[in-house]
Every structure is written in C-alpha cells, then in structure tokens.
Amino acid sequence: MSLHTYTAWIFDMDGTLTESRHDFPAISRALGLPPNEPILEALERLDPDELAKCQKQLTEIELDIAHQATPQPGAYDLLSELKSKGKRIGILTRNTKDIAHITLKACNLNHLFDPDDVLGRSCCPPKPQPNGILKLLTQWSLTPADAVMTGDHKFDLLTARNAQAQAVYLDPTGDFPWQSHADYSVKSLIDLQQLSFIE
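Right, let's walk through the structure included here. (Residues numbered from 1 in each chain as written. Predicted model: local features only at pLDDT ≥ 70, side-chain atom pairs only at ≥ 80, totals over all residues. Heavy atoms only, no water.)

Let us look at the sheet that holds strand β3 (residues 118-119). On the basis of which strands lie adjacent, the open sheet formed by six strands has the order β3-β2-β1-β4-β5-β6 and parallel pairing. Each edge of the open sheet carries a strand with a single partner, namely β3 and β6 (184-186). Where strand β5 (residues 166-170) meets β6, three bridges bridge the pair, whose relative direction is parallel. Its bridge partner lying in β6, Y169 is registered against S185. Each of β1 (8-11) and β2 (88-92) touches helix α4 (residues 75-84); the most contacted strand, β1, lies at about 155° to it. (Pairing = 2+ DSSP bridges. Helix = DSSP H or I, 4+ residues; strand = E, 2+ residues; numbered from the N terminus. Contact = heavy atoms within 4.5 Å. Axes fitted to C-alpha atoms, helices over the stretch in contact; angles between N-to-C directions.)

Here is the structure:
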C-alpha cells in the first residue's frame, strides 16, 4: 500500500521530529554506564541507590537538551499536512513524557499534538517494545494495519516490526545502516511529506 493510505502516524522525537543533539556515548560516560550499551537497558541492572542517582542525572541532561531542541526541517509542514488530511499523529519516545512536551514546546510543535498522544518511557515499556504503538492505536480505535512508525534509530524500526506496523527510516546522512528493518527510507521529512501524499 502507498503511504497516503495509512491513517495512524507515529513518530520518534529526538533525531526525527527534532534535530539530533543526543551524544549517547557521552551521556553513558557521564552516568558511568557501559559506552556500547543502550542507556535504559544499562540502567535496569543498577542497584536501587545507584539507579536513583543516575536517573536524576539523566533527567538533568535530558532537560538541558530539551530546552535547546530545534525542529527537523520539514517537521511542521509534514505534521500540519497530516492533520489537515485527517490523519492521527502521535509520538513514541524513549524519553519521558514530560521531557517530550518540553522538547515539542521548544520546537513550536506542541500545539499539533493532543497531550494524550505523546508517550514516553514513563507511560509504557520503552522501544523496541511495541506497547506504545499499540496503546496509541487503541486510543484511536485503529489497528497496526493502519499505522506507520517513523524514526531514525534501529529501535524505532524494530518497534514498528514488533507492532506489525509500517517502518519508515529517516537518515539525513543517506547511509541507512538499518535499512533491512525498514519498509521505506527517506533522507528528510520533506522527502517523507512528498512520498506520503503520492497516490
């Protein structure tokens, strides 16, 4: 099916709707975590006292990044057109819901989303678990067959796969190292907007 037929559009936030500012290896080093392991998974193995300390520090780092967030080129126009076409749009991020809202406000995208349609790790198990996609679809009375998940990381694509939704891979570099997990690959949200409304 062509992308224009899908009615549920779910986006990753950092590096997808916003320009990428996260240096994950540097964040891992600041938290004293293994550099080659995803941060949330590494946190799960800490004892409670160390976990609380790291979570507080991570929140401070994420808040600083959120306040500096800038939108990905084409984000506003893509989201606005999707809404004008009657599509449902939501966000699924490995960040927290609160920080997601701060990020969206910094990018002047917050008014485009219903607050209940922005989900993070504080709402459901983090990506690549499919729970967030499925929760949004339940809220919208839609099914995975109606859904597209767009993101810039392997976790986003695997989340789409795990939910049996379509996976759109955004990589501004054009390298697409995780292309095997994607149904569609684009270098920009501008390209995605053009692709989304070809009938």
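Bringing the packing of aromatic side chains into the picture now. In the structure shown here, the tally under the stated rule is three aromatic pairs. Ring geometry for W9 and F11: centres 6.4 Å apart, planes at 25°, overall stacked. By relative accessible area, which is 1% here, W9 ends up buried. We classify F11 as buried; its relative accessible area is 0%. With centroids separated by 6.2 Å and ring planes inclined at 35°, the aromatic side chains of Y169 and W178 adopt a geometry described as tilted. One aromatic cluster in this structure is built from Y169, F176 and W178. (Phe/Tyr/Trp six-rings, centres within 6.5 Å; stacked < 30°, edge-to-face > 60°. Buried < 20%, exposed > 50% of the residue type's maximum accessible area, 1.4 Å probe, protein only.)

Residue P128 is bonded to the preceding K127 through a cis peptide linkage, with omega at 15°. Despite not being glycine, Q164 has its phi angle at roughly 65°, a positive value. Exposure remark for Q164: the relative accessible area of 67% places this residue in the exposed category. The phi angle at F176 is positive, at roughly 50°, despite the residue not being glycine. Mapped onto the elements of the fold, F176 is located in the loop between β5 and β6.

This part is about the pairing of strand β4 (residues 147-151). Counting buried positions along β4 yields five of five residues, so the element is predominantly enclosed. Pairing geometry for β1 and β4, over four bridges, is parallel. Paired with F11 across the strands is T150, a residue of β4. Pairing between β4 and β5: four bridges, direction parallel.

Following both chains from N to C, one finds α4 and helix α8 (residues 189-196) inclined at 25°, their axes separated by 8 Å at the closest point. As the angle between them shows, α4 and α8 are arranged roughly parallel. Crossing angle aside, the handedness with which α4 passes α8 is left-handed. Along the contact surface, α4 presents A75, D77, L78 and E81, while α8 presents L189, L192, Q193 and S196. (Parallel < 35°, antiparallel > 145°, perpendicular 65-115°, else oblique. Left-handed = near helix turned anticlockwise from the far one by under 90°.)

This next bit is on α4. All buried positions along α4 are accounted for by A75, L78, L79 and L82. Taken down its axis, α4 places every buried residue within 90° of arc, on the same side. In this fold, the buried residues of α4 make contact with β1, β2 and α8. One or two steps after α4, the chain reaches G86, where phi turns positive at roughly 80°. (Arc of directions from axis to C-beta.)

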